[in-house]
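# Examination of the molecular architecture
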Amino acid sequence: MVMGFNSFLVSLQHFETDTQDLTGIDWAPNGCVLAVWDTCLEYKVLLYSLDGRLLSSYSAYEWSLGIKSVAWSPSSQFLTIGSYDEKVRILNHVTWKPIKELVHAATISNTKTMVYREVDKCQSVEPSQLTFPPPRGTPSSLFTVHSKYELVEGPVTLRTIKPDTDRANPELGIGMLAFSPDNRYLATKNDNMPCCVWIWDIQKMRLSVVLEQTSPVRTFHWDPVQPRLAICTGNSKVYLWSPTSCVSVQVPVEGTFNVLSLAWHPLGEDSLLLMSKDHLCICYLETEEDH
């Protein structure tokens, strides 16, 4: 059997970047621009075309720790830069200049920003309901801990930690950035406020929601299809936020399952892959159509 192959041409471009110590690279989702950033000791972002031409460069400040995280919007219209100065700078794709700085203040006083705080609730278990020894998956104490979100009236002061600036990677600045698939929302985490997730309305360029957890946030990911954010904090719960609601969901498995990381199905599909230290499970989310 003879197989035919169409001829093709591959063009490779090799070029040096104007960096002291290149730390990261990231293609724009449309594949037209390559973002390159320098070591955290040098605040510098460089934008290159496919043929290696330098389109633009950006530096916000000097003589201080610089870039900590970078993320493109799904439309490639915005490049967001998270810095050690606790700000996110949004560059537009036309001039590659900042159009907005998002400040992560410790006190939320704007009445248009909703602050949801996770609150633990202890539910008592009747002694008559317990057997000794308790079956696997049954709480061994007389109380089970559940949690929910409560809307907090402002002004609200968020919990912060004092970073050790003598460490190589201090817990300071914007360590996580992620856009919703519709480009509407940006989720961020300021590492010296480790229990908080900040959700910004990009259309209005303002802070929309802050979620304050009882434990430090390990990671968060957007549903790839709709603006729905999943959060984990290393306990046995998954937290879900959407523009219409935010909920705390207990992982429905036997025994202890502390969620250390998570991932959405690539097509959404209302399913999440949850990972603990030694196990993983797939959880399916019920929707209104399921009832």
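Residues numbered from 1 in each chain as written. Predicted model: local features only at pLDDT ≥ 70, side-chain atom pairs only at ≥ 80, totals over all residues. Heavy atoms only, no water.

An unreviewed UniProt entry lists the protein under the name WD repeat containing, antisense to TP73, with Eleutherodactylus coqui as the source organism.

## What to know about the nonpolar core
To keep things clear, this is the line we draw: Here, nonpolar core refers to any group of buried Ala, Val, Leu, Ile, Met, Phe, Trp, Tyr and Cys residues whose side-chain atoms link them within 4.5 Å. Each residue's exposure class comes from its accessible area (1.4 Å probe, protein chains only) as a fraction of the maximum for that residue type: buried when under 20%, exposed when over 50%, partly exposed otherwise. Runs of E in the DSSP output that reach at least two residues are strands. Runs of H or I that reach at least four are helices, and both are numbered from the N terminus.
L158, W198, I202 and V210 are the most contacted members of the largest nonpolar core, which has 21 residues in total. Looking at this core, the elements with two or more residues in it are β7 (87–92), β13 (174–179), β15 (196–201) and β16 (206–212).

## What about the pairing of β15?
Our working rule: Between any two strands, at least two bridges found by DSSP are needed for them to pair.
Burial within β15 is extensive, with six of its six residues counted as buried. In β15, alternate side chains face the same way, and those of C196, W198 and W200 on one face and V197, I199 and D201 on the other are all buried. Here β15 pairs with β16 via six bridges, running antiparallel. The residue bridging W200 from the neighbouring strand is L207, located in β16.

## As for the packing of aromatic side chains
Just so we agree on the cut-off: Aromatic contacts are taken between Phe, Tyr and Trp rings whose centres are within 6.5 Å, Trp giving its six-membered ring; a plane angle under 30 degrees counts as stacked, one over 60 as edge-to-face, and the others as tilted.
In the structure shown here, the tally under the stated rule is eight aromatic pairs. Between Y185 and W241, the aromatic rings sit 5.3 Å apart at their centres with planes inclined by 80°, giving edge-to-face as the arrangement. Of this pair, Y185 sits in strand β14 (residues 185–190) while W241 sits in strand β19 (residues 237–242), and the two are 56 residues apart along the sequence. W241 carries the same exposure label as Y185, and that label is buried. On the numbers, 6.1 Å between centres and 80° between planes, the contact of W222 with W241 is edge-to-face. Of the two residues, W222 sits in strand β17 (residues 219–222) while W241 sits in strand β19, which places them 19 residues apart along the sequence. The two residues W222 and W241 agree in class, both being buried.

## So, the pairing of β14
Two faces make up the sheet, and in a regular strand the side chains alternate between them. Here β14 lies mainly inside the structure; six of its six residues are buried. Where burial is concerned, the two faces of β14 agree: the one with Y185, A187 and K189 and the one with L186, T188 and N190 are both buried. Relative to β14, β13 is paired through five bridges, and the arrangement is antiparallel. Paired with F179 across the two strands is L186, which belongs to β14. Two successive antiparallel strands, β13 and β14, enclose a turn made up of five residues, where N183 displays a positive phi of approximately 70°. For β14 and β15, the ladder comprises four bridges, and the chain directions are antiparallel. Pairing of L186 across the sheet is with W200, part of β15. What sits between the antiparallel neighbours β14 and β15 is a turn of five residues.

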